[in-house]
Each structure stands twice: as C-alpha cells, then as structure tokens.
Amino acid sequence: MSTRHEAGTAGPHHVLILGAGYAGMAAAIQLAARGKRREDVRVTLVNANELFTERLRLHMTGTGQPVARLSIPRLLEGTGARFVRGWVTAVDADERTVRIDDDRVLRYDTLVYGLGGVADTVAVPGAEDHAYTLDSVHDAESLAERLGRLGSGTVVVAGSGLTGVESAAEIAERHPELRVVLLGRHAPGAAMNPRAGAYLRSALDRLGVEVRGGVEVAKVLPDAVELAGGERVAAVAVLWTSGTRAAPLAAAGGLTVDERGRVVTDATLRSVSHPDVYAVGDAAAIRQRYGVMHGTCQGGMPTGVHAAVSIVRTLRGGQPRPFRFGYYHTPVSLGRDDAVVQFTRPDGSPRRWCLTGRLAARYKETVTASPWPTYARMRKAPASGAFWPRGGRFTREAP
Ligand SMILES: Cc1cc2nc3c(=O)[nH]c(=O)nc-3n(C[C@H](O)[C@H](O)[C@H](O)COP(=O)(O)OP(=O)(O)OC[C@H]3O[C@@H](n4cnc5c(N)ncnc54)[C@H](O)[C@@H]3O)c2cc1C
C-alpha cells in the first residue's frame, strides 16, 4: 500500500486537531476564528464522520429516536480550517506525524489530541464480545435495532453511573414491553444530595427499572451476566456503560498516559512528554487542585477553547496560561419528560439545590442542545467561548 504524505511543516504553522467531538470542535472553531486573518497558521480537523456525534444524545439514538444531522464541514465553511474525514490509526509524537486510514500521513507543528473515550469493555471478560455500548452512532444504532426486534425479555444495563441511569430510563420509557435491570457497584444517584438521589431513584421505579446496587458484574455471557459470587442474571441484551478508557493510540504514539490511556497534561493542557501536543476533553488526564477532571461536555469544551487560545498566544510569542475549571451542575435525563439537575460545587460535590421534573427536563434539553449554537457564535465572536467557571478557591494553587 502506498502512503501519501500531506501537509508538510514548511510554510505556515500547521495545527492538526484529532477528533471533532465537543472538545475538538471547540478547539477547531476557536482557532480558526482567531487565526482567520493570519497567514502563518493553518488548521486541519480530522474526524471519523462528517456529521457531529452528539454523544450526549446517544441513549436517544440507542432507543431509535431521531437526532439532528449536524454537518461539521458546513460549520467550518468560511473559517479557513480544513476538514479531513478519516480514521486515525497511528500517532507518532516524536516524528510529529499522524496516520489516517493507514494510507495518509499528516505532519503537524502542534497537535490537539481530542479523540474522546470509550466504555471500558476490557476490564470484564465477555463485555467486549457480548455487550452493546454507546461509543458511537453506529454502536447506538445497533442497540436500537436489537431492542426494536426483541418484543420481550430482560435488558441489563451494566453500570449505575449517569450514562447507565439515562440509558436505563430511556430504554424503559421507549420499550415498556422489556424488563430493564440496572446493575452497578453503587446505588444510582449516590453522588447526589439525598433529595436529588431519592428523586432519581423514584423516577427509575416509576419507569419500572429494577435497580440492584452494590453488585459487581464479573462476566458477560451471550445470554446473561454473571455477578461476583456466581449469580446469573439472564439477559437478551446487555448495555455496557461502566467505566471509560481512552484509545491506545496515544500510548502507542509515545505520549505519557495514565492508567486509563488518557494523555497526561501539565497545567496548561500540554502533554507532559511532548509539549507540542495539547490534550483536550475525555482523552486527557487534566489535574485540577481537587483531582483529575472526569469526562464531561461541560469541562471538555473549555479545554478545547483553552488549547486554541494557548496556541495563538504561543504563536504571538507569549506563554500558555494554566487551565482552571470548576463544575457547576450534573443534569441527568430520566426519559424525555423528566430529569434531575444536581447543582454542584466546583469540585463536583453536590450542593443543596437541585431541579426535578419537567423544569429539569427543559434545563437538560437546553444544555444538550447548546454546543452547536455555541460553536456557531464562536465562529463570529471567538471571545464568547471563553467564559466558563474557573472554580475559584477550588482550583487556585496555594501560594
Ligand atoms: C449517553 C451519554 C450521555 C452523556 N451525557 C452527558 C451529560 O449530560 N453531560 C456531560 O457533560 N457529559 C455527558 N456525557 C459525556 C460526554 O458525552 C463526554 O464527556 C464528551 O463527549 C467528551 O467530549 P470529547 O470531545 O472529549 O469526546 P467525544 O465527544 O467522544 O468526541 C470524540 C470524537 O473523536 C472521534 N474519534 C474517536 N476516535 C477516532 C479515530 N481513531 N479517528 C477519527 N476520529 C475518531 C469520534 O468519532 C468523535 O467525533 C454523556 C455520554 C454518554 C455516552
């Protein structure tokens, strides 16, 4: 197979952004908008699909509900940024090259690594082979197709975190003919304040979801899951939502990663091993004073914006600044007309306030729908994307 080399490093500074998810899109739009009148910078965005994957809605796709078709190349029109559709198969951080679909090689001066994460199906035997995931539109559509054909039987949702809760609720609401069992180490909503957690559990109960907290799934079989201790729960389909990990590409490419394969960054979001690589979103292990950030859209978009601003600052001869972020909410859908929104402290711990019911469902929908209009606004006014809670004393380094 012949290899095509593209986008050499002679000429303008080439910023290559991998992944057009919430974080990578934010970086691309922000950078393209800020660099529009600059001859010395060129931006390329690589993604598996031309349509933006609204990961926040994959539990809807997984239950056969239509979602908007959002074209990435169309949004980039007029910005000067180039879009390359393709699957990244390798990164070489020493050579500063990226291989696409095994036959094209792109060179970069600065890389923004934003390939996201996937459900951790490796940790438990059988999960990779027998469980569905919500890692991509294709995965979600496979689940929808299966659920649509079943007619009866038990669907096990493994993992009682927020993705598991949202998915179990959605499946129960869309498929009342199926029995839905939600299994996890913790009671769903355990990290919320008592009122929000109780509301969440009562909504699952209302939808008929059978919840079993305090259990460990040891194995996934073709027709059941086996719990630690040997008990089997028969299942016609299993959805795996427990834990996340990043693709092995970063580690294989020589970047320093953590135990979940995420690129370890310094305070400014640059790779600790390769400072010409910025890591953003779920693919990055970003330490704040309160700990390593967990993957969310609310934190992911600011990481993309920050990386873009830092790259522009560096090109002007400046130094990148530390990234600071504090969480502010945890919105969880409970089917289409119900939700709970837990407001949080910057370190993610629950505050006393929460929203529930239809108002919370509207809040959740507003939040879910907001990234695309935010990108469109940023294209015209890049500074509008630079507002997010910095976390106050929770993220300020001690003097
Ligand atoms: C069902 C569900 C509900 C969620 N709800 C919420 C919520 O309410 N609030 C919240 O904050 N977070 C939520 N999350 C988490 C949130 O979706 C992630 O934190 C967020 O998507 C991370 O953004 P990202 O840009 O880092 O990665 P992603 O959005 O995953 O984007 C990564 C992009 O890279 C592409 N890609 C990956 N590998 C390759 C490759 N090798 N080659 C080419 N392209 C590649 C993917 O196709 C994708 O476009 C939810 C997740 C799920 C699954």
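Residues numbered from 1 in each chain as written. Predicted model: local features only at pLDDT ≥ 70, side-chain atom pairs only at ≥ 80, totals over all residues. Heavy atoms only, no water.

Novice: Honestly, the packing of aromatic side chains in this entry has me stumped. Any pointers?
Specialist: The description of an aromatic ring pair rests on the distance of the ring centres and on the angle between the ring planes. Tallying each qualifying case throughout the model produces eight aromatic pairs. Centroid distance Phe 52 to Tyr 375: 6.1 Å. Interplanar angle 80°. Geometry classified as edge-to-face. Remark: Tyr 375 occurs in helix H11 (residues 371-380) and Phe 52 occurs in the loop between strand S3 (41-47) and helix H2 (58-61); sequence separation between them is 323 residues. Of the two residues, Phe 52 and Tyr 375, neither departs from the other in class, the shared state being buried. Centroid distance Phe 325 to Tyr 327: 5.3 Å. Interplanar angle 90°. Geometry classified as edge-to-face. The pair Phe 325 / Tyr 327 is uniform in exposure class, with both members buried. Aromatic ring contacts, followed pair by pair, group Tyr 22, Phe 52, Trp 372 and Tyr 375 into a single cluster. Between the NZ or CZ atom of Arg 390 and the centre of the ring of Trp 388, over which it lies, the distance is 3.8 Å. (Phe/Tyr/Trp six-rings, centres within 6.5 Å; stacked < 30°, edge-to-face > 60°. Helix = DSSP H or I, 4+ residues; strand = E, 2+ residues; numbered from the N terminus. Buried < 20%, exposed > 50% of the residue type's maximum accessible area, 1.4 Å probe, protein only. Lys NZ or Arg CZ within 6 Å of the ring centre and 35° of its normal.)

Novice: What is the right way to read the packing of helix H9 (residues 297-315) against H11 from this model?
Specialist: It is at 12 Å that the axes of H9 and H11 come closest, and there the two elements cross at 15°. On the basis of their axis angle, the class for H9 and H11 is roughly parallel. Between H9 and H11 lies a crossing of right-handed hand. Every residue of H11 that contacts H9 at Cys 297, Met 301 and Val 305 is listed here: Pro 371, Thr 374, Tyr 375 and Met 378. For the contact of H9 with H11, the per-class residue count stands at six nonpolar, one polar and no charged. (Axes fitted to C-alpha atoms, helices over the stretch in contact; angles between N-to-C directions. Parallel < 35°, antiparallel > 145°, perpendicular 65-115°, else oblique. Left-handed = near helix turned anticlockwise from the far one by under 90°. Contact = heavy atoms within 4.5 Å. Nonpolar A, V, L, I, M, F, W, Y, C, P; charged D, E, K, R; others polar.)

Keep in mind these values describe shape, not function.
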